[in-house]
Amino acid sequence: MKQNVTLKGIKEGFLLNLNDAASFEELTNELDELLDHLRAERKLSGETRKDIHLEIHSGDRLLNTEQKELLSKKIEEKSHFSIKSFDSNVLTYECAIEWQKKVSLEMKVQTVRSGQILEAPGDILLIGKVHPGGSIRAKGSIFIIGELHGVAHAGVDGDTSAVIVADFLTKAQIRIADNVEVIENEDEESKKSKVEVAYINDLHILSFETLDRLKKIQPSIDKVTGGLFE
Amino acid sequence: MSTAIVITSGKGGVGKTTSTANLGTALALQGKKVCLIDMDIGLRNLDVILGLENRIIYDIVDVVEERAKLHQALIKDKRFNDNLYLLPAAQNADKNSINEQQMIDIVEELRSDYDYILIDCPAGIEQGFKNSIAAADRAFIVTTPEISAIRDADRIIGLLEQTEISEPKLIINRIRKRMMQDGEVMDVDEITRHLSIDLLGIIFDDDDVVRSSNNGDPIVLNPKNAASQGYRNIARRILGETVPLMSLKTEKQSFWQKIFGKKK
C-alpha cells in the first residue's frame, strides 16, 4: 500500500508530505500511526533534541485553518517537531488576488490635484502630474512619468527597499518609509529636467542616483517577488 | 503673556491669508516669537504664501487625531532665526475634522512658547470660523473698500460681539489711492465709522504683493514697498507703538517720471 503521509529529511530538518489524493481522515489516521512510531523509535534511541524543524506540504490540497490547527495540535502533542510552515501547490482565489495586487505594478493615468491622495497597495506607475498639495502613496515603489510637484511617499508601511523614480524637478517632497526629503534647490542646474531614482542607502539615508544605477540599488526591481509564501 | 489673534473677514479673497503671513513675518522681524495657524482646512494657502508648502509633513488634523505631536507638525521658517513657525492645515480633510475644544487645547499648548499666535480664519461663518475664534484673545477684521466685504465684516463683528473676544480691530486692505480720493469707494473714515470699531491700519493695493506671494516671500520683506510699510506699521501698533496712519495722497508724477515710467 502506498503511504499517504511521508516524512522526508531536508536540509533544515524534515518535510512532511501529505498525499492530496487521500481523504483528510486517512491522513490524520496515518499521521497518528507515524507519530506513535516515531515516538517509540525516539525512546529507543534516547534522542533528546527538541524543536526539530518541520515543513508540511499538502500537495494540491488546500488545508483550511481548522485542519491546520488539528494537525498542529497532533504534532505538537505527540512529537518534538516544531512546525515552521504549511505549504501547498494551490491557494485561494482571494489570496491570489491579494498577492497579485501586492506584486503587480498598478498603472494610473490621471492628474493628482491638491488635496487628493492616490494610494496603491503595491507598486504604482503614474502617468500624469502630481500638483502641489497632492500626494501619491504606495506600499511599494513609485514610478512617475510626468511632473511631481507634490508629495510622493513610497513604502508607506515601512518598506525601505521601495524606490521612487521620477523627475525630481522642484518643490516636491519625497518620502520613503519614514525618511523625508524636501527638494528645494533653486539653482539653474537643478531646474533642468532629469529623471532620477530616490532610495534608502546603506546608511538609512534617503539619497538620489542616476537611473542607470537603479539595477544596482535594487537588483530585484524588475522581478515579481515576495508575498505568497510565509 | 502670549496673545492669540484671529484674522478674519467673512468674505473670501480680501487678504486674510496674505495679512496673516505678513503680520506674522513683521512681528518675527521685530524679534517676537510667532506661530501662525492655518485654519482653512481643505483649502490651505498660508503655507504657499510663505513658501513652505513642500515642507509639510504633518498638519493640524494629524495633531488632533494624535498621529503626530504638536511640535512635530510645526514648520520653522528658516529665514527668521527661529522666530516664525507655521502649523499647516490639512488639505485632504474638511473643516469639521476639528472642534472648538481641540483648537483651544492646541493654542493653550502653544502659548508657553510663543509671544503671538496668529490664526488664519477661513472665509465663511461655519465650523472653520467657529474653531478659529474659539481660542483667540483678540480679533483683526480684514476688509477691502468694497461694499460686499464691508457688509460681511459687519456681520462678523456682530458674531464676535457675542463671544468673549474684546474689541475687534479693523484692517482695510487693497486700498487704491486714486479711487478713494475720487470718492468712487468709501474712504477710510467712512468705513471705520460705518463699522464702528477701531482702525488698526490700512494697506495699499500693490501689484508686488501678488508677485511676492507667488515667490513664497511675504511682501513685508521688501521694506520700500507701500503695502509692506502698512503691515510693518500694524505690527508696531500691535507691539504698542503709536504710528501715524499712512497718507492717502498720491504723489504727483513729475514730467520726467511720466516719460521714463515709474520711479523705483
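Residues numbered from 1 in each chain as written. Chains lettered and ligands numbered in written order. Predicted model: local features only at pLDDT ≥ 70, side-chain atom pairs only at ≥ 80, totals over all residues. Heavy atoms only, no water.

1. Section: the overall build of chain A
This is how the line gets drawn: Under the scheme used here, helices are H or I runs from DSSP no shorter than 4 residues and strands are E runs no shorter than 2 residues, and both carry numbers assigned from the N terminus. Radius of gyration here is computed from C-alpha atoms only, and the compact-globule reference equals 2.2 Å multiplied by the residue count raised to the power 0.38. Relative accessible area decides the class of each residue, using a 1.4 Å probe on protein chains only: under 20% of the type maximum gives buried, over 50% gives exposed, and in between gives partly exposed. Throughout, a contact is declared for two residues whenever any of their heavy atoms are within 4.5 Å. Accessibility throughout is a Shrake-Rupley quantity obtained with a 1.4 Å probe, and a residue counts as covered only by protein chains that appear here. Only four residue types enter the tally: Lys and Arg on the positive side, Asp and Glu on the negative side; His and the chain ends are excluded. Just so you know, the charge point we use is NZ for Lys, CZ for Arg, CG for Asp and CD for Glu.
Helix and strand counts for chain A stand at five helices and 15 strands. Whereas a compact globule of 230 residues would reach a radius of gyration of roughly 17 Å, chain A reaches 25 Å, over 25% beyond that. With respect to the three principal axes, the spread of C-alpha positions in chain A is 80 × 35 × 25 Å. Taken across its 230 residues, chain A has 40% of its residues classed as buried. Put simply, 38% of the contacts in chain A that link residues at least 6 apart link residues at least 24 apart. Summed over all atoms, the accessible surface of chain A reaches about 13700 Å², with 50% contributed by carbon and sulfur. Treating the 30 positive side-chain charges of chain A as one cloud and the 40 negative ones as another, the clouds have centres 1 Å apart.

2. Topic: unusual backbone geometry
Even without being a glycine, His204(A) presents a positive backbone phi close to 60°. With respect to the helices and strands, His204(A) occurs in the loop between strand 14 (195-200) and strand 15 (206-210). Notably, Arg174(B) is not glycine yet its phi reads approximately 55°, a positive angle. The topology assignment puts Arg174(B) in strand 7 (residues 169-175).

3. As for the packing of helix 1 (residues 16-29) of chain B against helix 11 (residues 226-238) of chain B
Residues and elements named next belong to chain B. As a reminder, the rule being used: A fitted line through C-alpha atoms represents every axis, and for helices the fit uses only the stretch in contact; the resulting angles, taken between N-to-C directions, go from 0 to 180 degrees. An angle below 35 degrees is read as roughly parallel, one above 145 as roughly antiparallel, one from 65 to 115 as roughly perpendicular, and any other as oblique. Crossing handedness is defined as follows: a turn of the near helix away from the far one that is anticlockwise and smaller than a right angle gives a left-handed crossing, while the clockwise case is right-handed. In this classification, the charged set is Asp, Glu, Lys and Arg, the nonpolar set is Ala, Val, Leu, Ile, Met, Phe, Trp, Tyr, Cys and Pro, and all remaining amino acids, among them Gly, are polar.
Axis separation between helix 1 and helix 11 bottoms out at 9 Å; the angle between their running directions is 60°. Between helix 1 and helix 11, the angle is such that the two are oblique. At the point where helix 1 passes helix 11, the crossing takes the right-handed sense. Facing helix 1, whose interface residues are Thr-18, Ser-19, Asn-22, Leu-23, Ala-26, Leu-27 and Leu-29, helix 11 presents Tyr-231, Arg-232, Ile-234, Ala-235 and Ile-238. Here the residues of the contact of helix 1 with helix 11 are counted per class, giving eight nonpolar, three polar and one charged.

4. Side note on the sheet that holds strand 8 (residues 198-204) of chain B
Residues and elements named next belong to chain B. Note the following rule: Pairing between strands requires that DSSP locate at least two bridges from one strand to the other.
The strand order across the open sheet built from eight strands is 3-4-2-5-1-6-7-8, with neighbouring strands paired in mixed fashion. What marks the edges here is a single partner per strand, and that holds for strand 3 (75-76) and strand 8. Alignment of strand 1 (residues 3-8) against strand 5 (residues 116-120), held across five bridges, turns out to be parallel. For Ala-4, the partnering residue across the bridge sits in strand 5 and is Ile-117. In the packing of helix 11 onto the sheet, contacts are made with strand 1, strand 5, strand 6 (138-143), strand 7 and strand 8, and the angle to strand 8 comes to roughly 160°.

5. Focus on the environment of Leu118(B)
Residues and elements named next belong to chain B. With respect to the secondary-structure elements, Leu-118 resides in strand 5. It is 4.9 Å that separates the C-alpha atoms of Leu-118 and Ile-5, two residues lying 113 residues apart in sequence. In contact with Leu-118, not counting residues within four places along its chain, are Ile-5, Ile-7, Thr-20, Leu-23, Gly-24, Leu-27, Val-34, Cys-35, Leu-36 and Ile-37.

6. A short note on the interface of chain A and chain B
Stated formally: Here's the idea: put two parts together, see how much 1.4 Å probe accessible area each one loses, and the total over both is what we call buried area. A pair is scored as a salt bridge if a Lys or Arg side-chain nitrogen falls within 4 Å of a carboxyl oxygen belonging to Asp or Glu. Polar contacts here mean pairs of N or O atoms no more than 3.5 Å apart (in protein, one a potential hydrogen donor and the other a potential acceptor; neighbouring residues in sequence count only if both atoms are side-chain atoms).
Contacts between the two partners involve 13 residues from chain A and, on the opposite side, ten residues from chain B. Between chain A and chain B lies a buried interface of about 910 Å² when both sides are counted; carbon and sulfur atoms form 43% of it. Taken together, chain A and chain B are joined by zero salt bridges. The interface formed by chain A and chain B contains six residue pairs in polar contact (both at pLDDT 80 or more). Among the secondary structure elements, those contributing two or more residues to the side of chain A that touches chain B are strand 12 (173-176) and strand 13 (179-182) of chain A.

7. Observations regarding the domain arrangement of chain A
Applicable threshold: An automatic or database domain assignment supplies the start and end points of every domain.
Considered domain by domain, chain A is made up of domain 1 (5-93) and domain 2 (102-217). Each of domain 1 of chain A and domain 2 of chain A has a C-alpha centre, and these two points are 46 Å apart.

8. Remarks on the side chain of Ser9(B)
Residue and element names in this part refer to chain B. Among the structural elements, Ser-9 can be located in the loop between strand 1 and helix 1. The class for Ser-9 is buried, based on a relative accessible area of 1%. From its side chain, Ser-9 meets the backbone oxygen of Lys-11 in a polar contact 2.5 Å long. At 3.0 Å, the side chain of Ser-9 forms a polar contact with the side chain of Lys-16.

9. Comments concerning the pairing of strand 8 of chain B
Residue and element names in this part refer to chain B. Buried residues dominate strand 8, accounting for five of its seven residues. Note: strand 7 against strand 8, five bridges, orientation parallel. Note that in strand 8 the partner of Ile-172 across the bridge is Ile-202.

10. A look at helix 6 (residues 127-134) of chain B
Residue and element names in this part refer to chain B. By the criterion of burial, helix 6 is predominantly enclosed, with six of the eight residues buried. Within helix 6 the residues assigned to the buried category are Gln-127, Gly-128, Phe-129, Asn-131, Ser-132 and Ile-133. Buried residues in helix 6 make contact with strand 1, helix 5 (100-111), strand 5 and helix 7 (147-161).

11. A short note on the nonpolar core
Residue and element names in this part refer to chain B. To be explicit about the condition: To define a nonpolar core, start from buried Ala, Val, Leu, Ile, Met, Phe, Trp, Tyr and Cys residues and group those joined through side-chain atoms within 4.5 Å.
Of all hydrophobic cores here, the largest spans 51 residues; its most connected members are Ile-37, Ile-60, Leu-87, Leu-110 and Ile-119. Those residues within four positions of Ile-60 in sequence are excluded, and the remaining contacts are Ile-37, Met-39, Ile-41, Leu-87, Pro-88, Ala-89, Ala-90, Ile-98, Met-103 and Ile-106. Of all hydrophobic cores here, the second largest spans 35 residues; its members include Ile-7, Leu-23, Leu-84 and Ile-203.

12. Comments concerning a nonpolar patch on the surface
Keep this limit in mind: Patch definition: residues with relative accessible area over 30% and no salt bridge; like charges joined within 9 Å; nonpolar side chains (Val, Leu, Ile, Met, Phe, Trp, Tyr) joined within 5 Å.
Where nonpolar side chains cluster on the molecular surface, the patch consists of Met107(A), Val109(A), Ile127(A) and Ile145(A) and spans about 380 Å² of accessible area. Along the chain, Met107(A) falls in strand 5 (residues 105-109).

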